[in-house]
Amino acid sequence: MSVSETIQNEFKSKIQGEVLFQESMARHSTIQVGGPVDIWIEPKDENDCKVAQELAQLHDLSFMTVGRGSNLVVRDGGIRGVVVHVGDAFQTVTIHEQKNDTYIIDVGAGMMMKQLLSWTADQALTGIEGLEGVPGTVGGAVAMNAGTPHGAIGDAVVSVTWLEKAKLVTRQAEKLEFAYRKAKIPRAATVLSVRIKLEKSDGAAVLGKLQELRRYRQSKQPLQQPSMGSVFKNPDKTNTAGKLIEEAGLKGVRVGKAQISPQHANWIVNLGGATANDVEVLIRLAKDTVKEKTGYILEPEVKIIGEHS
Ligand SMILES: Cc1cc2nc3c(=O)[nH]c(=O)nc-3n(C[C@H](O)[C@H](O)[C@H](O)COP(=O)(O)OP(=O)(O)OC[C@H]3O[C@@H](n4cnc5c(N)ncnc54)[C@H](O)[C@@H]3O)c2cc1C
C-alpha cells in the first residue's frame, strides 16, 4: 500500500463522491485487464475534481482522469496515485446558443458518446454522426480526438473547459491542435465540459446515418468481445494497421487469453481472463513483426499506463 491511511482518510473526508482504495482497473476498462489503482474517485461535482487535484498535488501523488476506459491498457501492477473518473455526475447537455440553423451545445464530459448521438438525432442536429460506435465519454473523445473515416470530434468542437492544478481553463478549438487521435490537452487536466457546433437537419436523416454506420461496424468488428477498438493508428489510408498486421500473418494469434481478432487484425480481444501482460506482449509482437516484414513502424492508438506486476 503506497498511500498512508492518514492520506486516504483525508481524501475520504474531503470528497463528497465515492472514494475507493486499491480498486481494480479491470473493472473500469473495456478490455477488462489491469491491476489496482491506489485511489479511485467518482467525483460528485466540479468541486470534488478540484479537491482531488489539490490533494494529489499536496501529497505529491500522480494524477490522471479517465472516462469509460475504452482506450486504455492498464498494466497488471496497477496505478500508483489518484485516478478520477468523470462519469455519471457529468452527463449533461444544453443548448447554449442558436442562430438560424446553427446550434452551439454544451456537453458534460461524462456524457457517453452514444447518449449524445441519440440526443442529436432526437433534436435533428447533424455534425458528429461519424462518431457512431465510438464507446466512451465525450471527455475521453476530446482528449483522444476520437473519430472514424467519417469525421473526428475535433471537427465540431468550439471550446473545451478543464481543471488544471485546481484552476478552470477554457481553450478555443484553434488552440487545441486537434490531429489524428490527439489534442493539446495537458496530461493532468480533468476535462469537465465541451462546447460543440452542430447544424439543424432532418431527424430521420441523422438517425438513418447512425443506423447505417452501426450496421457497418457490426459486420466488420468483433463487438461481442471485450476490446479497446483499434490498437494502432493507421500509417496511411492504403496501408492500414489492420491490413499490415493481417499480411504479417498475425490474425488469430493468441498470447495467454488475449487474441489478435480473427475478424479484424487491428483489434485485440480478451477471450476471458487475459492479463494486461498478454495484451502488451501481443502489441509488441504485432509492432515488431510488421516492422520486420514491411518496414512500417506502428504507433499505438491505445494508452498503455501503470506498472508491470
Ligand atoms: C469497441 C470499441 C470501438 C472503438 N472505436 C473507436 C473509433 O472508431 N474511433 C476512435 O477514435 N476510438 C475508438 N475506440 C477507442 C475509444 O472508445 C475512444 O478513444 C474513446 O473516445 C475513449 O473515451 P473514454 O471515455 O473511454 O476514455 P478513456 O479510455 O477512459 O481515456 C482515454 C484517454 O483520454 C483521457 N481522458 C478521458 N477522459 C478524460 C477527461 N474527462 N479529462 C481529461 N482526460 C480524459 C485519459 O486520460 C486517456 O489518456 C473504440 C473502443 C472500443 C472498445
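Data block above holds the structure.
To start, this report covers the structure provided alongside it. (Residues numbered from 1 in each chain as written. Predicted model: local features only at pLDDT ≥ 70, side-chain atom pairs only at ≥ 80, totals over all residues. Heavy atoms only, no water.)

Right, let's talk about helix H3 (residues 113-122) for a bit. Every buried residue belonging to H3 is among Met113, Leu116, Leu117, Trp119, Thr120 and Ala121, and all of these are buried. Where H3 is buried, its residues contact strand E6 (93-99), strand E7 (102-108), strand E8 (125-126), helix H4 (138-144), strand E13 (190-200) and helix H5 (203-220). (Buried < 20%, exposed > 50% of the residue type's maximum accessible area, 1.4 Å probe, protein only. Helix = DSSP H or I, 4+ residues; strand = E, 2+ residues; numbered from the N terminus. Contact = heavy atoms within 4.5 Å.)

This paragraph deals with the sheet that holds strand E15 (residues 258-260). Overall, antiparallel pairing links the three strands, which are arranged E14-E15-E16 in an open sheet. The sheet is open, and its two edges are formed by strand E14 (254-255) and strand E16 (268-270), each paired on a single side. As paired strands, E15 and E16 are joined by three bridges and run antiparallel to one another. By the bridge assignment for E16, Ile260 is matched with Ile268. The strands touched by helix H7 (residues 276-294) within the sheet are E14, E15 and E16, with E15 carrying the most contacts at an inclination of about 25°. (Pairing = 2+ DSSP bridges. Axes fitted to C-alpha atoms, helices over the stretch in contact; angles between N-to-C directions.)

This part is about the packing of helix H1 (residues 5-14) against helix H2 (residues 46-58). It is the contact of H1 with H2, at a shortest axis distance of 10 Å, that shows an interaxial angle of 160°. It follows that H1 is roughly antiparallel to H2 by the angle criterion. The way H1 lies across H2 gives a crossing that is right-handed. Residues Glu10, Phe11 and Lys14 of H1 touch H2, and the partners they reach there are Asp48, Val51, Ala52, Leu55, Ala56 and Leu58. Per-class residue counts for the contact of H1 with H2 are six nonpolar, no polar and three charged. (Parallel < 35°, antiparallel > 145°, perpendicular 65-115°, else oblique. Left-handed = near helix turned anticlockwise from the far one by under 90°. Nonpolar A, V, L, I, M, F, W, Y, C, P; charged D, E, K, R; others polar.)

Nothing here speaks to function; it is geometry throughout.
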